[in-house]
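Results of the structural survey
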Amino acid sequence: MSLYAKILVINLMHIGDLLLVTPVLRTLRTNYPQAHIALLADAKLADLVKYNQNINELIAIDKKGYHNKLGNYLRAVQDIRRQKFDLVINLHANERASFIAAFSGAKKIVGYSTFGLGWLFHRMMKNRKAVKHQVESHFDVLKEFVGIDRTDDRGIEMWLDAAAENAAAKIWQEAFGSQQLARIVGLNIGASWPTKRWRNEYYAELADRLLDMGYGIAYFGGPMDVELVEETIGLMRNKNHPLVKVFTGKVSLQVLAALLKKCAVLVTNDSGPMHVAVAMDVPLVTMFGSSPVPGFYPYNNISILIKTPVDCHPCGEHHCDTHECMKLISVDTVMKYTIELLEKYGDRQGALPRKMGDFYPRIIEL
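Topic: the pattern of salt bridges
Scanning all chains against the criterion turns up 16 salt bridges. Where K327 meets E324, a salt bridge forms, and the shortest distance between an N and an O atom there is 3.8 Å. Residue K327 and its partner E324 are both found in helix α12 (residues 324-327); the two are separated by 3 residues, about one turn of the helix. Using a relative accessible area of 33% as the deciding quantity, one classes K327 as partly exposed. Through salt bridges with shared partners, a single ionic network connects E205, R209 and D332.

Here it is in structure tokens:
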């Protein structure tokens, strides 16, 4: 296996994509303990990885702001070239990341590339996300192109600072007072595509049933989910219940992770916060509609994934006129598995221990 003194890993995609790179970072650190390992990520997602213990440097690109101007973007590429990396690993085939990797000036460039830039890579990987988990696909890049035989897979990792933990503790206390962790269920009802979302009226009914049983409800999500959450709460019978709390769009990613850790169970769509919850070892129930289960299932063994019962799954479409895939996943079904996880894990104190080498959820095929 070649020795690399300076390594750059690139992923400029979304929350889940970035967190799914963390097993690669640990594997690189295990195999190259003395190397300078840098990670290039979207600046708005820096909270997810800025305390990662397996990197020496975080290079942040403001891809929708400062670096969206061509001159600033090209200067960022020049700055990376000046670092003279031995190895660049690009872990998503979008245009910005592929361009940075292709013109990084590294001695060796491997990974995924958008059309037209692959000829500048030393080795290029075909997209396998629909047939195997993204973490496993990333490991394939290391094995086939870097020469790493021994992966160090401890699951998705995210470290929190004391300020985030303290802020979450204060927010939680103000919201729920003396309510025990075993009594609060998180709901993450947003997703990047409408076709990934379980239906609003179903989430509203689920929340009402859980409140009737004495559980509290905590709504999560980002600023783009605020209207969606408001619409869903508007459908609830118990919309004015004192144990309905909304954290949607109000906290940083660090505080979001610390709050998720306080939930007994999270019910969620396939989304970024789902992967944050996995990193925090929170048991969850997730419903998969348009997205492929093999590529993006929650990477742990304490969760339940409900697979849509239609032949067109996974379509990968962003819009659908019928949305049968989610219509056919009933509230009764999701309620059943939510209660099952509450009974199994609801009384836990702190994070659940990880079972190394077993990062596969229970899959329910209706």
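From this point, the narrative continues.
Quick word on the environment of M326
Relative to the elements of secondary structure, M326 occurs in helix α12. M326 sits in the buried class, given a relative accessible area of 0%. Once residues within four sequence positions are removed from consideration, M326 is found in contact with T195, K196, R197, W198, R199, Y202, M287, F288, G289 and T308.

Let's talk about the side chain of N90
As for its placement among the helices and strands, N90 is situated in strand β4 (residues 87-90). The exposure class of N90 is buried, given its relative accessible area of 0%. Within the structure, N90 has its side chain in polar contact with the backbone oxygen of H92 (distance 2.9 Å). Ignoring sequence-local partners within four residues, the contact set of N90 consists of I10, A97, S98, A101, V110, G111, Y112 and F121.

Notes on the nonpolar core
Most often, soluble globular proteins have nonpolar side chains that are buried together. L28, L48, I89, L187, W198, Y219 and M287 are the most contacted members of the largest nonpolar core, which totals 111 residues. Per-element accounting of this core gives the leading share, 8 residues, to helix α13 (residues 331-345). Contact partners of M287, with chain neighbours within four places excluded, come to K196, W198, Y203, V267, T268, N269, D270, I306, M326, I329 and V334. One finds I59, A76, F85 and L117 within the second-largest nonpolar core, a separate group that totals 21 residues.

Rules used throughout
Residues numbered from 1 in each chain as written. Predicted model: local features only at pLDDT ≥ 70, side-chain atom pairs only at ≥ 80, totals over all residues. Heavy atoms only, no water. Salt bridge = Lys/Arg side-chain N within 4 Å of Asp/Glu carboxyl O. Helix = DSSP H or I, 4+ residues; strand = E, 2+ residues; numbered from the N terminus. Buried < 20%, exposed > 50% of the residue type's maximum accessible area, 1.4 Å probe, protein only. Contact = heavy atoms within 4.5 Å. Polar contact = N/O pair within 3.5 Å; in protein donor to acceptor, adjacent residues only side chain to side chain. Core = buried A, V, L, I, M, F, W, Y, C linked by side-chain atoms within 4.5 Å.

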